[in-house]
Amino acid sequence: MPILRGKHIVLGVCGSIAAYKVAQLARNLTLAGAVVDVILTEAAERFVGAATFQALTGRPVLTDMWALPEDNVVGHVALGMHADLIVIAPATAHTLARLAAGLADDLLTTTVLASTAPILCAPAMNVQMYAAAATQANIATLRQRGIIVLEPEIGKMAEPMEGKGRLPEPPLLEGEIRALLGQQSGSLRGRRVVVTAGGTREAIDPIRYLGNRSSGQMGYALAEAARDAGAHVTLISTPVALPAPPV
Ligand SMILES: Cc1cc2nc3c(=O)[nH]c(=O)nc-3n(C[C@H](O)[C@H](O)[C@H](O)COP(=O)(O)O)c2cc1C
């Protein structure tokens, strides 16, 4: 059973320039069979509109804690109660601080407080904002409470600056989501799996070797399947599909 099929994922999007990347994540999760309910913070709406997420997920996008739903279900608690997972990406410094303080001042923070679902945060922000003592203390607090806070990537930021603070790319975020869901309900949860992939090379002499045509695809697919089933996977790979050098 594919791990994402039928899973209820609340995707909280905050006011970061990286919000555009999460549209792709919402699409990929939906295509894989997940039911994705997007909550946009007020600041997030300045970066990506609700219509984008609504079209990509096929679900109404929620932004306003005070908007009463037609079925009279109390919106600010209902979403979190039915969620298999809450993903907050990009998680801003501001929302990490609100979560650490236990604030409930908008739909996203009330949903988090009212839920017992696992929570995954993917911070994205300016290098100094991420390194700030307050942000680091907030992240430590959240981790202590069992919230998974991913490490941002190192690289070029939107402003002319390089460093740690980039949102991981959508495929990596999806991998983390699959692993987390697998660890809750997968048939291999609690197991450790080692997969070796790619063609081996046996040296004949310092220049020549005996090899085979293995592409590594089978090993990579097995590693992903084991991860989705909840296993802790170690993938050992030979060099595969190297990009052609510029000659
Ligand atoms: C152009 C622009 C880009 C921003 N990018 C980020 C960001 O990547 N990360 C962050 O933590 N804050 C960023 N901010 C600041 C947040 O939008 C601001 O702190 C806001 O209050 C966050 O609200 P929220 O956490 O409720 O979404 C940015 C602000 C602007 C104007």
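Next up on the list: the domain arrangement of the chain. Partitioning the chain into domains gives domain 1 (8-183) and domain 2 (189-237). For domain 1 versus domain 2, the separation of C-alpha centres amounts to 33 Å. Between domain 1 and domain 2, the contact holds five residues from the first and six residues from the second. When the two sides are added together, the surface that domain 1 and domain 2 hide from each other amounts to roughly 470 Å², 50% of it contributed by carbon and sulfur. Broken down residue by residue, the surface that domain 1 buries against domain 2 is led by Arg178, Gly182 and Gln183, which jointly contribute 79%. Along the contact surface separating domain 1 from domain 2 lie one salt bridge. The interface formed by domain 1 and domain 2 holds one residue pair in polar contact (both at pLDDT 80 or more) in total.

Backbone-to-backbone hydrogen bonds join strands into a sheet, with any given pair of strands oriented parallel or antiparallel. Read from one edge of the open sheet, five strands run β2-β1-β3-β4-β5, paired in parallel fashion. Two strands close off the open sheet at either side, each with one partner strand: β2 (35-40) and β5 (148-149). Bridge count between strand β3 (residues 85-91) and strand β4 (residues 119-123): four bridges; the pairing is parallel. Counterpart to isoleucine 86 in the pairing with β4 is isoleucine 119. Sitting on the sheet, helix α2 (residues 50-57) is in contact with β1 (8-13) and β2, with an inclination near 175° to β2.

We now examine the state of the cysteines. Here a disulfide denotes a covalent bond joining the sulfur atom of one cysteine to the sulfur atom of another. For the coordinates displayed, the defined rule picks out zero disulfides. Cysteine 14 takes part in no disulfide bond, and the closest cysteine sulfur, belonging to cysteine 121, lies 8.1 Å away. Judged by its relative accessible area of 0%, cysteine 14 falls in the buried class. Cysteine 121 sits in the buried class, given a relative accessible area of 0%.

In the vicinity of the ligand there are 15 residues, among which Gly15, Ser16, Thr41, Thr92 and Thr95 approach most closely. The separation between an oxygen atom of the ligand and a polar main-chain atom of glycine 15 is 2.6 Å. Side-chain polar atom of histidine 94 to an oxygen atom of the ligand: 3.3 Å apart, as the coordinates give it. If you tally residues by element for the shell around the ligand, the top one is helix α4 (residues 93-101), at four residues. Class assignment of the residues belonging to the shell around the ligand gives a composition of eight nonpolar, six polar and one charged.

Residues alanine 89 and proline 90 are joined by a peptide bond in cis, for which omega reads -10°. You can see proline 90 is positioned in strand β3.

Quick look at the pattern of salt bridges now. Applying the stated criterion to the full structure yields 12 salt bridges. For arginine 166, the salt bridge is made with glutamate 169, and the minimal N-O distance between the two is 3.2 Å. With relative accessibility at 24%, the residue arginine 166 sits in the partly exposed group. Arginine 178 is the partner of aspartate 228 in a salt bridge, and the nearest nitrogen-oxygen pair spans 2.7 Å. Here aspartate 228, found in helix α9 (residues 217-228), pairs with arginine 178, found in helix α8 (residues 170-185); they are 50 residues apart in sequence, far enough to count as distant. Both residues of the pair, aspartate 228 and arginine 178, count as buried. Each of Glu174, Arg178, Arg227 and Asp228 takes part in a single network of salt bridges with overlapping partners.

Definitions and cut-offs
Residues numbered from 1 in each chain as written. Predicted model: local features only at pLDDT ≥ 70, side-chain atom pairs only at ≥ 80, totals over all residues. Heavy atoms only, no water. Domains from an automatic or database assignment. Contact = heavy atoms within 4.5 Å. Buried area = accessible area lost by both parts, 1.4 Å probe. Salt bridge = Lys/Arg side-chain N within 4 Å of Asp/Glu carboxyl O. Polar contact = N/O pair within 3.5 Å; in protein donor to acceptor, adjacent residues only side chain to side chain. Pairing = 2+ DSSP bridges. Helix = DSSP H or I, 4+ residues; strand = E, 2+ residues; numbered from the N terminus. Axes fitted to C-alpha atoms, helices over the stretch in contact; angles between N-to-C directions. Disulfide = S-S within 2.5 Å. Buried < 20%, exposed > 50% of the residue type's maximum accessible area, 1.4 Å probe, protein only. Near = heavy atom within 4 Å. Nonpolar A, V, L, I, M, F, W, Y, C, P; charged D, E, K, R; others polar.

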